[in-house]
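Chain residues, written in single-letter form:
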Amino acid sequence: MPISRLYCSPFMKDLHNCDARQDYVSSENLKIKAVPNGFIFPLTEAKYGARFGGVTNHDYTFVRESLPARSHPWYMEKTPVKEQYSGRDFDCHDIKSFHMDEDVVFAGQLHNHLGHFMTEGLSRLWALLNPEFKYSKVVFIATEPSKFAVQALRMFAEKLQINFDNFIFVVRAPIKFRTIYIPEPSIRMHDFCHENYKHVVDIFKSSVEPGEYKKIYLSKVGSTSQRAGGEQLFIELFADNGYKPIALNDLQPNELFSLMKGCNSLVATSGTASHQSIFMEDNQHCVCLNRSAHVHPLQTMINRVRGHKEEYIDVFLRSTKEHFGDQPCFIFPTKQLYQYFQENSFSIDLQAVAKNALLKRTLESEERLFNWLHRTGTITFEDTLRKNNLAFTYK
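The present account deals with the structure reproduced in this document. (Residues numbered from 1 in each chain as written. Predicted model: local features only at pLDDT ≥ 70, side-chain atom pairs only at ≥ 80, totals over all residues. Heavy atoms only, no water.)

**A short note on the overall build of the protein chain**
Then step 1. Looking only at helices and strands, the protein chain has 12 helices and 16 strands in total.
Then step 2. Burial analysis of the protein chain (395 residues in total) assigns 58% to the buried set.
Then step 3. Expressed as a percentage of contacts within the protein chain between residues at least 6 apart in sequence, the contacts between residues at least 24 apart total 75%.
Then step 4. Of the roughly 17700 Å² of accessible surface on the protein chain, a fraction of 48% belongs to carbon and sulfur atoms. (Helix = DSSP H or I, 4+ residues; strand = E, 2+ residues; numbered from the N terminus. Buried < 20%, exposed > 50% of the residue type's maximum accessible area, 1.4 Å probe, protein only. Contact = heavy atoms within 4.5 Å. Areas by Shrake-Rupley, 256 points an atom, 1.4 Å probe, with all protein chains shown as cover.)

Below you can see the structure in the form of structure tokens.
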């Protein structure tokens, strides 16, 4: 499926076009595995960095269906990602456990990270749409559930008329259950997305009215991840062209779902911010600002199941190509952004803004970030001011 418009370097165009050829949307029936007399272990961190948790059978053999595997048929050949957890940690997990004579649905890991909560955290909830499980206990494993996640799950439970007291968060001690039902994930990072995932998301946003803003710039302001350094200038540029700036970190679940439901044109940096387009109505407009030299398959999945018109613009200053998690990310007015502004008749002289404001304000305000990039060799000063993909030439 072709992408609507790419304002990208040849390298990034090749990545996006390769990603667009992947058949991400699955229509196969999702399965549910039953584990009698199984254990659900909490998440723990071992001294050497491994993670443990998830479902085991009665003799502590890990049940791999409980793993939120992250895989991608072409990307992962070059960049392997560790499995997220692997059952019981025999050094840390006490075999003494609570026992509940209950049949439960295993909902997986409840991430505090918003992007992972809205994907892996919701991926198994489709099973609750089955009347057979409407009154079942629902078990998440978590370090500590975030306030945002708990509020969002309350909304979901209320909409389905499920008692929220049936949600169990396994944080510290393993629990043995009569039967553990493990639904197959309906979305998996870098791998596939099922229509059942969209059905779950639609339940979340069906409980709110559409927000008042049609054009939104969803920013990373307030985030501690340093994955959108220099974003303030972009916020101002798009605000001057009719986009309402909204800080993602300031939003409660009902506010986020409402704003996205009413939005018909979203601009955001790649990753978590742009992934919120899953909460928009179908067939809307999304502009993804590439903060680094990576393609996010999740965004492709979201655009495909929603039918969004998608546009991608390279705005990264420099980026390594190895991993999504590289940070900090430093975004900058590029010639691709300048082209986008020209083609869409934006009313800003981007070159003048860049010359007069960007170097003075952005590089100074992001001095620590810039110094880190320079010190680690991610960029050089010459790359930054002369050779990089800028909208102007600085002398």
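From this point, the narrative continues.
**Structural notes on the side chain of N303**
Then step 1. Position of N303 among the secondary structure elements: in helix 8 (residues 297–306).
Then step 2. In this structure N303 comes out as buried when scored by relative accessible area, which is 2%.

**Things to note about the packing of helix 3 (residues 147–160) against helix 6 (residues 253–262)**
In a packed pair of helices, the relevant descriptors are the angle between the two axes and the axis-to-axis distance.
Then step 1. The N-to-C vectors of helix 3 and helix 6 enclose an angle of 65 degrees; their axes lie 9 Å apart at closest approach. In terms of orientation, helix 3 and helix 6 fall into the roughly perpendicular class. Contacts from F148, Q151, A152 and M155 in helix 3 reach P253, N254, L256 and F257 in helix 6. (Axes fitted to C-alpha atoms, helices over the stretch in contact; angles between N-to-C directions. Parallel < 35°, antiparallel > 145°, perpendicular 65-115°, else oblique.)

**Looking at the sheet that holds strand 14 (residues 265–269)**
Then step 1. Taken in spatial order, the six strands line up as 1-16-15-14-12-13 in an open sheet, and their pairing is parallel. Only two strands of the sheet have a single neighbouring strand rather than two, namely strand 1 (5–7) and strand 13 (244–247). For this sheet, the mean inter-axis angle between neighbouring strands, taken without regard to orientation, is 20 degrees.
Then step 2. Judged from the five bridges that link them, strand 14 and strand 15 (residues 285–290) form a sheet pairing that is parallel. Its bridge partner lying in strand 15, A268 is registered against C288.
Then step 3. Strand contacts of helix 5 (residues 231–239): strand 12 (215–219), strand 13, strand 14 and strand 15, with the helix running at about 175 degrees to strand 12, the strand carrying the most contacts. (Pairing = 2+ DSSP bridges.)

**Describing the sheet that holds strand 2 (residues 25–26)**
Then step 1. Spatial strand order, 2-11-10: three strands in an open sheet with mixed pairing. Of all strands in the sheet, those bounded by a partner on one side alone are strand 2 and strand 10 (187–188).
Then step 2. Pairing of strand 2 with strand 11 (residues 192–194), which is carried by two bridges, proceeds in the parallel orientation. Looking at strand 11, one finds that S26 is bridged to H194.
Then step 3. Across the face of the sheet, helix 4 (residues 195–206) comes into contact with strand 2, strand 10 and strand 11 while running at roughly 60 degrees to strand 11.

**Observations concerning the packing of aromatic side chains**
Then step 1. Tallied over the entire structure, the rule returns 18 aromatic pairs.
Then step 2. With a centroid separation of 5.0 Å and an interplanar angle of 35 degrees, the aromatic rings of F39 and Y60 are classed as tilted. A residue pair is termed long-range when its members are at least 10 positions apart, and F39 in strand 4 (residues 39–45) and Y60 in the loop between strand 5 (51–56) and strand 6 (98–109) qualify at 21 residues.
Then step 3. Centroid distance F117 to F148: 6.3 Å. Interplanar angle 85 degrees. Geometry classified as edge-to-face. A residue pair is termed long-range when its members are at least 10 positions apart, and F117 in helix 2 (residues 114–117) and F148 in helix 3 qualify at 31 residues. The pair F117 / F148 is uniform in exposure class, with both members buried.
Then step 4. Through successive ring pairs, a cluster of aromatic residues spans Y7, Y217, F238, Y243, Y340, F341 and F346.
Then step 5. It is R5 that lies over the ring of Y7; its NZ or CZ is 4.7 Å from the centre. (Phe/Tyr/Trp six-rings, centres within 6.5 Å; stacked < 30°, edge-to-face > 60°. Lys NZ or Arg CZ within 6 Å of the ring centre and 35° of its normal.)

**Some details on helix 9 (residues 335–343)**
Then step 1. Of the residues making up helix 9, those classed as buried are Q336, L337, Y338, Y340 and F341.
Then step 2. S345, located one to two residues past helix 9, shows a positive phi value of around 55 degrees.

**Examining the environment of L110**
Then step 1. Within the secondary structure, L110 is located in the loop between strand 6 and helix 2.
Then step 2. Considering only alpha carbons, one finds L110 and V150, 40 residues apart in sequence, at a separation of 9.5 Å.

**Observations concerning unusual backbone geometry**
Then step 1. Even without glycine at this site, Q161 takes up a positive phi of about 60 degrees.
Then step 2. Looking at where Q161 falls in the secondary structure, it is placed in the loop between helix 3 and strand 8 (167–170).
Then step 3. You will see that S345, though not glycine, has its phi angle at about 55 degrees, which is positive.
Then step 4. Judged by its relative accessible area of 64%, S345 is exposed.

**Here's the deal with the pattern of salt bridges**
Then step 1. One pass over the full model with this rule turns up eight salt bridges.
Then step 2. One salt bridge in this structure joins E343 and R5, with 3.1 Å as the shortest N-O distance. With E343 in helix 9 and R5 in strand 1, the pair connects residues that are 338 residues apart, well separated along the chain.
Then step 3. Residue class for R5 comes out partly exposed when judged on its relative accessible area of 31%.
Then step 4. A salt bridge links R178 to D101; the shortest N-O distance between them is 3.3 Å. In this pair, R178 sits in strand 9 (residues 175–183) while D101 sits in strand 6, placing the two residues 77 residues apart along the sequence. (Salt bridge = Lys/Arg side-chain N within 4 Å of Asp/Glu carboxyl O.)

Shape is all these values report; function is a separate question.
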